[in-house]
Amino acid sequence: MANAESRLRRYLEDDVGECRDDDLEVRLAELDRLDEAVDETAFDADVAALSALANETRYRIVRLLVAADSELCVCEIAPLMDVSQSAISHALSQLLEAGLVTRRKDGKWRKYEPTHRAIALVAALDGT
């Protein structure tokens, strides 16, 4: 922590020309409030969603579901993927757990669609 404070002190000196102990304490308090403002629940959900998208199979499935603009059955996703049915099912389970897809059972079929979060993430990625 002492090293971090000395780096912050040097930063403040460069930024405003000088840094008194009071300046450092005020900035540390501001940074503490900023850290407290981070919603840990949202943070954890964000990390889970981004981690889920960090796999090529899962990311492709999300992209397909967003592009479909409707539910897709696993049997409709499988022909579009170059992985086993087991890998698709596992990927869909992880996406469901990460809150990026919803699942609905329709008789013996399972249908998936992207959540608003998945759609927003894909839109954000398309905008970069």
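These lines cover the structure that appears in this document, whether it is placed above or below. (Residues numbered from 1 in each chain as written. Predicted model: local features only at pLDDT ≥ 70, side-chain atom pairs only at ≥ 80, totals over all residues. Heavy atoms only, no water.)

### Some words on the sheet that holds strand S2 (residues 101-106)
Moving on, step 1. Taken in spatial order, the three strands line up as S1-S3-S2 in an open sheet, and their pairing is antiparallel. In this open sheet, the two edge strands, each paired with only one partner strand, are strand S1 (72-73) and S2.
Moving on, step 2. Pairing analysis gives six bridges linking S2 to strand S3 (residues 109-114), with the strands arranged antiparallel. In the sheet register, arginine 103 faces S3, and the bridge partner there is tyrosine 112.
Moving on, step 3. Strands S2 and S3 of the sheet are contacted by helix H6 (residues 85-97), whose axis makes an angle of about 120 degrees with S2. (Pairing = 2+ DSSP bridges. Helix = DSSP H or I, 4+ residues; strand = E, 2+ residues; numbered from the N terminus. Contact = heavy atoms within 4.5 Å. Axes fitted to C-alpha atoms, helices over the stretch in contact; angles between N-to-C directions.)

### Describing unusual backbone geometry
Moving on, step 1. Not every positive phi belongs to a glycine, and aspartate 69 is a case in point at roughly 60 degrees.
Moving on, step 2. Along the chain, aspartate 69 turns up in the loop between helix H4 (56-68) and S1.
Moving on, step 3. Note on aspartate 69: relative accessible area 71%, which makes it exposed. (Buried < 20%, exposed > 50% of the residue type's maximum accessible area, 1.4 Å probe, protein only.)

### Structural notes on the nonpolar core
One recurring pattern in soluble globular proteins is that nonpolar side chains are buried together.
Moving on, step 1. Ranked by size, the top nonpolar core spans 21 residues in total, and within it Ile61, Leu65, Ile77, Ile88, Leu92, Leu95 and Leu100 carry the most contacts.
Moving on, step 2. Those elements giving two or more residues to this core turn out to be helix H3 (40-53), H4, helix H5 (74-77), H6 and helix H7 (116-126).
Moving on, step 3. Counting five residues, the second largest nonpolar core, distinct from the first, contains Leu8, Leu12, Leu24 and Leu28. (Core = buried A, V, L, I, M, F, W, Y, C linked by side-chain atoms within 4.5 Å.)

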